[in-house]
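# Tertiary structure, described
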Amino acid sequence: MSTLAAAPAATPPAPARARIRGAGWGVWLAFGLIAAFLLAFLIVPIGLVIYTAFVDESNRLTLGHFANFFGQTVLVESFLNSLWVSLASVAVATLIAVPLAYLTVRFEFRGALLIQTLGVLPLIMPPFVGAVAMQLIFGRNGSVNLLLNDWFGFTVPIMDGLIGVTFVESIHYFPFILLNLFASMRNIDGAMEESALNLGARGWRLFRRVIFPLAMPGYLAGATLLFVKVFDDLGTPLVMGVTNMLAPQAYLRITSVGIDDPQGYVISVIMIAFSILALGLAARVMKGRDYSTLQKGGNSLQRRRLSGWESVLAYGWIILVLLITLAPHFGILLMSFAKVWSFSVLPDAYTLEHYATVFTDARGMMANTLLYCLLAAGLDVVIGTAIAYLILRTNLPGRRWLDYMASAALAIPGLVLAIGYLRLFKGVNLPFTDTPVVSTWVLIMLAYAVRRLPYALRSCMAALQQVHVSLEEAAQSLGATRMSTIRRVMVPLMMGGMLAGFVTSFITAAVELSATILLASAQSQAPMSYGIYLYMQSIAGRGPGAALAVLAVVVVAVGTYLSHRFVERSRATVATARV
């Protein structure tokens with residue numbers, strides 16, 4: 001195959017290439033359907049939220065709602081608190097992630113791969129679930145403070161108020177920085193470090209002036225994503241009883257005052273604006289700066305051995321970090337088996353009743369989760385594959401706008417999208433019925449699909465980029481139609497990336513709470529994430545809630561593993577095909 005590709009005769013004739021690049025009626029139909037979907041379930045709902053924030057009761061443009069927002073002390077305090085918690089979470093996560101990444105990439109460590117794997121585990125647990133477990137471990141009467149009080153006579157109130165929210169968010173989201181730093185530091189050319197060493201740079205100066213600046217793109221990518229996630233998070237503050245933040249205030253305004261309350265829309269606009277602002281600032285910081293290295297094929301950072309006392313300090317720090325970051329997993333597991341756990345370091349008794357309760361009472365929630373997430377993930381893969389094909393295999397005018405619109409969902413909080421749906425479909429009934437659209441589970445599934453579409457799209461784009469266009473041209477030159485080529489050639493070759501996108505969409509949708517909490521109009525429609533939240537609202541329900549959370553974590557963990565397997569298998573298949 002490679003010999004044929006290298007020969008001059010392998011250049012496809014103009015008619016064959018024109019057939020592949022041409023725009024038939026099917027291509028235009030796909031373009032129109034995808035554009036209509038994105039407009040109906042993303043652009044219009046978000047546009048309606050923004051429009052409502054800027055008009056009065058007579059539909060005249062006004063800034064009065066924003067003036068009222070900044071005139072209310074509780075709302076201004078909530079805005080400042082959200083900003084403070086987001087920035088503080090970035091700072092704390094940086095203190096955790098940067099040393100962990102540098103130590104495992106720069107120095108020789110036994111078990112470095114295990115350490116890096118364990119460092120990513122917090123991402124598989126929803127933060128609002130980890131918040132409950134961390135209260136039992138680090139709370140005022142938690143395991144750690146009980147031990148500190150017995151041994152040293154003092155306690156550390158680290159789980160109180162905004163500090164507690166910051167602690168939970170930092171522990172949960174620091175892997176975003178960690179993963180990006182791993183990649184960035186591994187790509188640094190070792191020659192850069194050698195040059196700095198020859199010029200006398202050592203230790204902290206070497207890290208501050210050379211290593212970290214070259215890893216800045218990865219750090220900014222992770223820090224920006226962490227900031228946006230924390231700023232938009234709803235579940236963690238609600239579970240911890242902290243309502244003086246923007247997301248909880250928007251939720252409380254819409255659920256208590258009503259869908260017509262303008263302040264809920266003002267808060268939504270501010271949340272969208274800060275998400276976009278954070279992404280824009282990160283891009284601006286990177287603009288005009290060169291972080292590339294000259295020898296891409298050269299050696300990476302040279303690992304060196306630590307001395308005896310350095311090894312003790314390094315392993316001590318890593319073990320401490322991992323114990324803290326994995327504490328929520330141990331806590332939620334113990335809680336799921338605990339019969340009594342109150343004012344004690346460990347549970348006083350253990351039971352399997354919570355799992356029996358979950359499998360008896362929450363089977364509908366599990367079935368709902370499978371239904372919503374399977375449909376949403378399947379829709380994401382179909383749309384993502386179609387958008388990837390339109391962008392990479394056609395010359396349709398405006399095709400890039402499909403990518404822009406789909407990717408815009410990354411900057412839209414789930415709570416804001418849910419508010420947009422409630423506003424857009426207010427008073428609308430299902431065709432030929434008297435059932436309001438907002439009372440059905442369809443909107444939950446659509447919200448999942450829209451918010452996870454960027455993940456599936458990126459996977460499908462990457463998969464299609466690995467399939468050379470000559471394979472399509474060969475199939476069509478043998479008489480295959482466009483649809484037959486897609487079905488018999490493209491889809492099988494893209495299957496690994498498509499499955500990875502499907503699994504990623506599925507597992508992230510399975511723990512979605514912010515949109516679910518507004519769109520689930522009845523408990524019979526509740527998925528597992530909302531069921532966990534409902535259980536956690538009472539002391540008696542925390543055991544079953546923990547058991548349900550363990551099952552959700554298992555689903556996410558298995559899905560993550562399968563996603564990695566699909567990606568690796570896809571890469572191996574492509575590599576074999578090229579050989």
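Quantities reported herein were computed from a predicted structural model and do not represent experimental measurements.

## Some points on the packing of helix 7 (residues 127-138) against helix 9 (residues 161-186)
At a minimum axis distance of 10 Å, the contact between helix 7 and helix 9 shows a crossing angle of 120°. Taken together, the axes of helix 7 and helix 9 lie oblique to each other. Between helix 7 and helix 9 the crossing geometry is right-handed. Contacts between helix 7 and helix 9 involve Pro127, Ala131, Met134 and Phe138 from the former and Phe167, Val168, Glu169, Ile171, His172 and Tyr173 from the latter. Split into classes, the residues belonging to the contact of helix 7 with helix 9 amount to eight nonpolar, one polar and one charged.

## Here we look at unusual backbone geometry
Residue Asn59 is not a glycine yet carries a positive backbone phi of 60°. Position of Asn59 relative to the elements: it lies in the loop between helix 3 (25-53) and helix 4 (64-71). One non-glycine residue, Phe432, lies in positive phi territory at about 65°. With respect to the helices, strands and loops of the structure, Phe432 is situated in the loop between helix 20 (414-424) and helix 21 (442-465).

## Some details on the nonpolar core
Looking at soluble globular proteins, one finds that nonpolar side chains tend to be buried together. One finds Met185, Tyr219, Ile332, Leu402, Tyr421, Leu519 and Leu548 to be the most contacted residues of the largest nonpolar core, which totals 174 residues. Setting aside anything within four residues of it in sequence, one finds Tyr219 in contact with Val90, Thr94, Val98, Ile177, Leu181 and Phe212.

## Observations regarding the pattern of salt bridges
Within this structure, the stated rule accounts for eight salt bridges. Residue Arg140 pairs with Asp160 through a salt bridge whose shortest N-O separation is 2.2 Å. Of this pair, Arg140 sits in the loop between helix 7 and helix 8 (143-152) while Asp160 sits in the loop between helix 8 and helix 9, and the two are 20 residues apart along the sequence. Connected through salt bridges with shared partners, the residues Asp260, Arg423 and Lys426 form a single ionic network.

## Structural notes on helix 4
Along helix 4, the residues classified as buried are His65, Phe66 and Phe69. Seen end-on, helix 4 carries its buried residues on one side only, within an arc spanning 100°. Opposite the packed face of helix 4, turned more than 90 degrees from it, sit the exposed residues Ala67 and Gly71.

Rules behind the numbers
- Along each chain, residue indices are assigned from 1 in the same order as the chain's sequence is written.
- This being a predicted model, a pLDDT of at least 70 is required before a residue's local features are given, and a value of 80 or more before pairs of side-chain atoms are given or counted; all residues contribute to the totals for chains, interfaces and linings.
- Neither water nor hydrogens contribute to the side-chain values; these are computed over all heavy atoms in the structure.
- Axes, fitted as lines to C-alpha atoms, cover a helix only where it is in contact. Angles between the N-to-C directions of the axes lie from 0 to 180 degrees.
- Secondary structure elements follow DSSP: runs of H or I no shorter than four residues count as helices, runs of E no shorter than two count as strands, and numbering proceeds from the N terminus.
- Each angle gets one of four labels, with under 35 degrees taken as roughly parallel, over 145 as roughly antiparallel, 65 to 115 as roughly perpendicular, and the rest as oblique.
- With the far helix as reference, a near helix turned anticlockwise by less than a right angle produces a left-handed crossing, and one turned clockwise produces a right-handed crossing.
- Whether two residues touch is decided by their heavy atoms; if any such pair falls within 4.5 Å, the residues are in contact.
- Each residue receives one of three labels: charged for Asp, Glu, Lys and Arg, nonpolar for Ala, Val, Leu, Ile, Met, Phe, Trp, Tyr, Cys and Pro, and polar for the others, Gly being one of them.
- Here, nonpolar core refers to any group of buried Ala, Val, Leu, Ile, Met, Phe, Trp, Tyr and Cys residues whose side-chain atoms link them within 4.5 Å.
- Partly exposed describes any residue whose relative accessible area lies between the buried limit of under 20% and the exposed limit of over 50%, with all areas from a 1.4 Å probe on protein chains only and scaled to the type maximum.
- Put simply, a salt bridge is a Lys or Arg side-chain nitrogen that is within 4 Å of an Asp or Glu carboxyl oxygen.
- Arc, as used here, means the arc of the directions from the helix axis to the C-beta atoms.

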